[in-house]
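Spelled out from the first residue to the last, the chains are:
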Amino acid sequence: MRDRIVRKPRSLLVKLFFSVLSTAFQIALIAGIYLWASTVKADEEDALSYFQQGEKAYAREQWSRAKSLYEAAVSEHAQDGDLIVNPTVTQTLRPGPGFRVTTDVQGESVHYFPNRRLAEIQTHELDVKARAQLAFKELNPPELKVSYALIQADGDNRLMAGESVRLTVDVFNQGESAADGVELTVNIAALDFTQTTRWREIDSEGQRSAEWVLNLPKQFKEDEMTLDIRVQEKDGYSPDIVLANVPVMPWQLPQLQVAMLSRPEVLAGRRSVQSFEIRNLGGLPAQDVRIKFATSNELLELKGYVTPQSIGLLEPGAATRIDLEVLPSIKLQGGTDMPLTLSLWSGDTAVTQENLNLIASHQAVQGNTLVAGVAAPFTVAQLGDIAVPSGFPEGKVHPRDYAVVIGNRDYATLAYAMHVPYALNDRKEMTSLVQRTLGVPAENILQGTENMTAANLQLMFGRDGSEGTLAGLIKAAGGADTVYVYYSGHGMPDPARPGQAYLLPVDVSPNDAARVGYSLETLYAQLAVLPAKRIVVMLDACFTGRSDTLMANEKAQSLVPGTSAMLLASRLPVARDDRMLVFAASGSGELAHWLPANRHGLFTSFLLKGLSGEADNGDKRLTAGELQAYLASRVTSTALRYVPAREQHPELTGNGQTLLTTYR
């Protein structure tokens, strides 16, 4: 009984506490509703006030003030629509644990549209600006001028039926105000060609251009075509018209003649270069001349031109030389005819097909003797196009290019007759070409490269991972774009290790080349670690162990007495770095010959001429493949002409598409 008496008052206290708490919550909620309603009411009242003031300014055409008031109204209440004026809120509070709030809205509705007014003001401002521009335009009208150009791929400035030409039209506004709604129309009735280009506007001193490709059919019969070019502006200001009559030559089948420059005899099992001349005998240019060689003899391999390749434009009377590398199989019998077909096209039209024959031979072609140590019966003047140029063209300077140009002439370990008589001449002229034509700065051409000893070579390039002078200089400069390394001097094979070849320092005996010489593998490895984008190596040396000096029996002297030179001959190692190009003067087992009349090595003579621009196909961009094709043709043919039974075939290792240099 006592327990129930004690707990009952406590229960009443709890109920009283929760009743008070509930009433407080109701009061807070009602206060919040009042506060929210009063805030909303204040925002809408401010927005309506700004809008109504803006309406008064709008009626007086006070555009700037009206715009500011409308923007203020939008900042208070963003949407257009109806606003309620003088709203009231009524609530009912019931005693006890429950409550109910009732809101009654009263007042009038007012139409509110500040956003629409802002749009109307913007339109008004644009109209005012347009009227001002039109007034300025009337006082300072635009002035349109039109010009055109016909651009041909061959650049001969003569338009011929069957040719494609690019038409470029430029429209200039030389007036003081902009030209609006400009329309350019080009009409060429003879080609049934009509094109229209439009621009929204061209500013004062502005320019617009349009371009089209015109294809003239071969059946074009007129001797000229009329270009009707018109430009006009939407308001009619300063239209311009160009009427031009362009002469067109009729299409004719080009008259191309093919002549074989080299002898038809080729040595079985030996690569050779066959030279041909293609001449335009007609009175009109031959456009986009293409050439292809083919053979029906499976034992004759052709290198290049097995698919149609373009040789460009041939002007009337002009000729171009084509060099085709062929490799007859060793299986061919002497005297075997090998049919060779040369096909020519001009554009898509077949012009001619010539059937030529090569003859397999097992005898070397005979000719005049021209070797070092023998009184040469030729002078530089008699050599004609073989002579080294007296000066080199000036090219663009490349401040991040470097060069090492080596000439080893005087060998302390060899008899005078076995020195390399023109190595220093080679070095001198190559240094001049590297600086003037290839653009290597004089300070980036390393010195101390005349008659280099074993220590000199190791100091220059390093060895077994050690860093040489060249690497240190390039790394200090933050890297290089192109590094050129040229060597003229003796090379040696390693009789004990086929495939090993060495540069022979001037203080090293040929017997010691494998021990203290500088191997090509070491050179390639040291160059491969250089921070350079491209490395070009040029070697005017053979690695047969022989000298180009003839003995009494007209055989090349061995640099190592008592050895068979042919047994020493070995194939050059291959540079594995994709950045590296290696031009070698001769193939395996071949000598690198000299030209006493030129006072240069045979390979260097044509290397200088080729890099001077003769190897370029006319586009002012010399690639490694172009230079190699030129060297293969000129060096090989010159060796056959002047050095009987002693062939020389330059080789290239690396990507033939690599760009070597450009010409101005």
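Residues numbered from 1 in each chain as written. Predicted model: local features only at pLDDT ≥ 70, side-chain atom pairs only at ≥ 80, totals over all residues. Heavy atoms only, no water.

**A look at the overall build of the protein**
Right, on to step 1. In terms of regular secondary structure, the protein is built from twelve helices and 32 strands.
Right, on to step 2. Classification of the 664 residues of the protein by burial places 43% in the buried group.
Right, on to step 3. Contacts spanning at least 24 positions in sequence make up 71% of the contacts within the protein whose residues lie at least 6 apart.
Right, on to step 4. Just so you have it, the protein exposes about 33,700 Å², and 51% of that area is on carbon and sulfur atoms. (Helix = DSSP H or I, 4+ residues; strand = E, 2+ residues; numbered from the N terminus. Buried < 20%, exposed > 50% of the residue type's maximum accessible area, 1.4 Å probe, protein only. Contact = heavy atoms within 4.5 Å. Areas by Shrake-Rupley, 256 points an atom, 1.4 Å probe, with all protein chains shown as cover.)

**Regarding helix α11 (residues 602-614)**
Right, on to step 1. Taking 1.5 Å per residue, 13 residues should reach 18 Å; α11 reaches only 16 Å between its end C-alpha atoms and comes up short.
Right, on to step 2. Residues Leu602, Phe603, Thr604, Ser605, Phe606, Leu607, Leu608, Lys609, Gly610, Leu611 and Ser612 constitute the buried set of α11. (Expected span 1.5 Å × (residues − 1).)

**Quick word on the sheet that holds strand β10 (residues 256-260)**
As a general point, the strands of a sheet are linked pairwise by backbone hydrogen bonds and lie either parallel or antiparallel.
Right, on to step 1. Taken together, the four strands give an open sheet; going across it, the order is β10-β12-β16-β14, and neighbouring strands pair in antiparallel fashion. With partners counted over all chains shown, the strands left at the sheet margins are β10 and β14 (300-303), one partner each. Adjacent strand axes in the sheet meet at a mean angle of 30 degrees, parallel and antiparallel pairs treated alike. (Pairing = 2+ DSSP bridges. Axes fitted to C-alpha atoms, helices over the stretch in contact; angles between N-to-C directions.)

**Things to note about the sheet that holds strand β6 (residues 193-202)**
Right, on to step 1. Strand order across the open sheet formed by four strands is β6-β5-β8-β9, with antiparallel pairing between neighbours. Lying at the two open borders of the sheet, with one neighbouring strand each, are β6 and β9 (240-247). Adjacent strand axes in the sheet meet at a mean angle of 15 degrees, parallel and antiparallel pairs treated alike.
Right, on to step 2. Relative to strand β8 (residues 224-232), strand β5 (residues 179-188) is paired through five bridges, and the arrangement is antiparallel. Within β8, the residue paired with threonine 185 across the bridge is arginine 230.

**Overview of the packing of aromatic side chains**
Right, on to step 1. The full count for this structure, using the stated rule, is ten aromatic pairs.
Right, on to step 2. On the basis of an interplanar angle of 70 degrees and a centroid distance of 4.9 Å, the ring pair of phenylalanine 51 and phenylalanine 113 is categorised as edge-to-face. In this pair, phenylalanine 51 is assigned in helix α1 (residues 2-59) and phenylalanine 113 in the loop between β2 (108-112) and α3 (114-139), connecting sequence segments 62 residues apart.
Right, on to step 3. With a centroid separation of 5.4 Å and 85 degrees between ring planes, the pair formed by tyrosine 58 and tryptophan 63 is classed as edge-to-face.
Right, on to step 4. With relative accessibility at 24%, the residue tryptophan 63 sits in the partly exposed group.
Right, on to step 5. Sitting over the face of the ring of phenylalanine 113, arginine 116 holds its NZ or CZ atom 4.1 Å from the ring centroid. (Phe/Tyr/Trp six-rings, centres within 6.5 Å; stacked < 30°, edge-to-face > 60°. Lys NZ or Arg CZ within 6 Å of the ring centre and 35° of its normal.)

**Observations concerning the layout of surface pockets**
Right, on to step 1. In this structure, the largest pocket occupies an estimated 1,400 Å³ of space.
Right, on to step 2. In terms of lining residues, the largest pocket is bounded by 41 residues, among which Tyr305, Arg321, Glu626, Ala629 and Tyr630 are the most central.
Right, on to step 3. It is helix α12 (residues 624-642) that contributes the most residues to the lining of the largest pocket, nine residues altogether.
Right, on to step 4. Tallied by class, the residues present in the lining of the largest pocket amount to 15 nonpolar, 14 polar and twelve charged. (1 Å grid on protein atoms, 1.4 Å probe; cavity = no way out; pocket = protein on both sides within 12 Å on 5 of 7 lines; lining within 4 Å. Points joined across faces, edges and corners; volume = space filled by probe spheres on them. Nonpolar A, V, L, I, M, F, W, Y, C, P; charged D, E, K, R; others polar.)

**Regarding the environment of proline 441**
Right, on to step 1. Tracing the backbone shows proline 441 in the loop between α5 (423-436) and α6 (454-461).
Right, on to step 2. Exposure remark for proline 441: the relative accessible area of 12% places this residue in the buried category.
Right, on to step 3. Remark: the alpha-carbon pair of proline 441 and aspartate 401, spanning 40 residues in sequence, is separated by 7.5 Å.

**Re the packing of α5 against α11**
Right, on to step 1. One can describe the packing of α5 onto α11 by two numbers: an axis separation of 11 Å at closest approach and a directional angle of 10 degrees. Considered as vectors, α5 and α11 are oriented roughly parallel to each other. For the pair α5 and α11, contact is made by Asp426, Glu429, Met430 and Leu433 and by Thr604, Leu607, Leu608, Leu611 and Ser612, respectively.
Right, on to step 2. Its residues placed into classes, the contact of α5 with α11 shows five nonpolar, two polar and two charged. (Parallel < 35°, antiparallel > 145°, perpendicular 65-115°, else oblique.)

**Considering unusual backbone geometry**
Right, on to step 1. Even without a glycine there, the phi angle at aspartate 192 is positive, about 55 degrees.
Right, on to step 2. When you line up the elements, aspartate 192 lands in the loop between β5 and β6.
Right, on to step 3. The residue lysine 620 is not glycine, and still its phi comes out positive at about 65 degrees.
Right, on to step 4. One can find lysine 620 in the loop between α11 and β30 (621-623).

**Observations concerning the side chain of aspartate 401**
Right, on to step 1. Following the sequence through the fold, aspartate 401 ends up in the loop between α4 (380-383) and β19 (402-407).
Right, on to step 2. Put simply, aspartate 401 is tucked away with no salt bridge, and the nearest opposite charge, on arginine 534, sits 5.3 Å away.
Right, on to step 3. Not counting the four nearest positions on each side in its chain, aspartate 401 is found in contact with Leu438, Val440, Pro441, Asn444, Asp481, Thr482 and Tyr484. (Lys, Arg positive; Asp, Glu negative; His and termini not counted. Salt bridge = Lys/Arg side-chain N within 4 Å of Asp/Glu carboxyl O.)

**Describing the pattern of salt bridges**
Right, on to step 1. Within this structure, the stated rule accounts for 20 salt bridges.
Right, on to step 2. In this structure, the salt-bridge partner of arginine 271 is glutamate 325, at a minimum N-O distance of 3.6 Å. Separated by 54 residues along the polypeptide, arginine 271 in the loop between β11 (265-267) and β12 (272-280) and glutamate 325 in strand β16 (residues 319-328) bring together distant segments of the chain.
Right, on to step 3. Relative accessible area serves as the criterion here: at 29%, arginine 271 is assigned to the partly exposed category.

**Considering the pairing of β14**
Right, on to step 1. Side chains Leu300 and Leu302 project from β14 onto a buried face, and the interleaved Glu301 and Lys303 project onto a face without burial.
Right, on to step 2. Sheet analysis places β14 next to β16, joined by four bridges and oriented antiparallel. In the strand pairing of β16, glutamate 301 is matched with leucine 327.

**Details of the environment of phenylalanine 461**
Right, on to step 1. Considering the arrangement of structural elements, one finds phenylalanine 461 in helix α6.
Right, on to step 2. On the basis of relative accessible area, phenylalanine 461 is assigned to the buried category, the value being 6%.
Right, on to step 3. Separated by ten residues in the primary sequence, phenylalanine 461 and alanine 471 place their C-alpha atoms 7.2 Å from one another.
Right, on to step 4. Apart from residues no more than four positions distant in its own chain, phenylalanine 461 is found in contact with Val404, Ile406, Ser466, Gly468, Leu470, Val485, Tyr518, Leu523, Gln526 and Leu527.

**Examining the environment of glycine 625**
Right, on to step 1. One can find glycine 625 in helix α12.
Right, on to step 2. The exposure class of glycine 625 is partly exposed, given its relative accessible area of 28%.

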